[in-house]
Amino acid sequence: MELKKYNNTSVIIPYFCGLGAHSPDHTKQALEKRIEWFRECIKSLLPFVDTFFLGTCIVKDAQKVQEVMSEIGIKAHCVFFKDINPHHLPYHLVRFTQSKLDNNSVDYIYYTEMDQVFYAENFDYLCDLIDNDSNAYIVPQRFEQIPQHKVEIRKKRFN
């Protein structure tokens with residue numbers, strides 16, 4: 001199946017490789033793997049988007065992000081936020097993205113974490129879902145847990 005390029009989709013990815021006060025054990029155990037996860041995340045999105053908004057708040061992270069972008073050969077809006085709490089990085093990056101996008105300049109914005117590889121069997125179908133139902137949205141799997149009793153309802157609704 002040939003994938004078409006989706007020039008009307010932007011992606012937002014905050015990149016933070018430090019540890020927070022509430023970082024889970026799996027995060028603490030895999031610090032050296034984060035750059036690899038980020039690289040795979042970016043590669044998985046390439047067929048679907050052409051505009052990346054990437055944010056960092058640590059100099060070392062900013063350097064790593066620039067290295068990956070250069071290695072892959074794509075341009076991105078790489079933003080370094082100086083002197084902010086890393087917990088506020090997502091907020092600052094979303095606000096920055098909003099300020100750079102003209103009203104209605106993109107049809108879709110996909111927000112994800114730096115370690116989430118994107119996979120969609122049919123991206124057109126996902127876009128059609130959003131276009132035809134103002135209450136529909138698409139999120140990475142681990143962002144939203146669906147209670148078991150609602151799974152069947154969603155299967156019927158979204159075929």
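See above for the structure.
In short, a report on the structure. Since the structure is predicted, the reported quantities are computational estimates derived from the model, not experimental observations.

## Let's talk about the overall build of the chain
Reasoning step 1: Scanning the chain from N- to C-terminus turns up six helices and four strands.
Reasoning step 2: The order of α-helices and β-strands along the chain, N terminus first, is β-α-α-β-α-β-α-β-α-α.
Reasoning step 3: A burial count over the chain gives 36% of its 159 residues as buried.
Reasoning step 4: Taking all contacts inside the chain whose residues are at least 6 apart in sequence as the whole, residues at least 24 apart take part in 72%.
Reasoning step 5: As presented, the chain carries roughly 10600 Å² of accessible surface, and 49% of it is formed by carbon and sulfur atoms.

## Considerations on the packing of aromatic side chains
Reasoning step 1: Under the defined criterion, the tally for this structure stands at six aromatic pairs.
Reasoning step 2: Summarising the aromatic geometry, the rings of F48 and F123 are spaced 4.8 Å apart at their centres and angled 40° between planes, so their arrangement reads as tilted. Taken together, the residues F48 in the loop between α2 (34-45) and β2 (51-56) and F123 in helix α5 (residues 123-132) connect sequence positions 75 residues apart. F123 matches F48 in its accessibility class, with the two residues each being buried.
Reasoning step 3: Here the aromatic rings of F118 and F123 are separated by 5.9 Å at their centres, their planes lie at 80°, and the arrangement is edge-to-face. Comparing F118 with F123, the two get one shared label, buried.

## Notes on the nonpolar core
Reasoning step 1: Counting 25 residues, the largest nonpolar core has I13, F38, I42, L45, L54 and F118 as the members making the most contacts within it.
Reasoning step 2: Contributing elements (two or more residues each) for this core: β1 (9-14), α2, β2, α3 (59-72), β4 (108-111) and α5.
Reasoning step 3: At five residues, α2 tops the list of elements feeding residues into this core.
Reasoning step 4: In this structure L45 touches V11, I13, F52, Y110, T112 and F118, once residues within four positions along its chain are discounted.
Reasoning step 5: Counting residues in hydrophobic clusters, the runner-up holds ten residues, among them F81, L93, L101 and V106.

## Quick notes on helix α4 (residues 89-100)
Reasoning step 1: End to end, α4 covers 17 Å across twelve residues, agreeing with the expected 16 Å (1.5 Å per residue, within 8%).
Reasoning step 2: Listed as buried for α4 are L89, L93 and T97. Burial along α4 is one-sided: seen end-on, the buried residues are contained in an arc of 65°. Exposed residues on α4 whose side chains face more than 90 degrees from its buried face are Y91 and S99.
Reasoning step 3: Taken together, the buried residues of α4 touch β1 and β2.

Conventions and cut-offs
- Residues numbered from 1 in each chain as written.
- Predicted model: local features only at pLDDT ≥ 70, side-chain atom pairs only at ≥ 80, totals over all residues.
- Heavy atoms only, no water.
- Helix = DSSP H or I, 4+ residues; strand = E, 2+ residues; numbered from the N terminus.
- Buried < 20%, exposed > 50% of the residue type's maximum accessible area, 1.4 Å probe, protein only.
- Contact = heavy atoms within 4.5 Å.
- Areas by Shrake-Rupley, 256 points an atom, 1.4 Å probe, with all protein chains shown as cover.
- Phe/Tyr/Trp six-rings, centres within 6.5 Å; stacked < 30°, edge-to-face > 60°.
- Core = buried A, V, L, I, M, F, W, Y, C linked by side-chain atoms within 4.5 Å.
- Expected span 1.5 Å × (residues − 1).
- Arc of directions from axis to C-beta.

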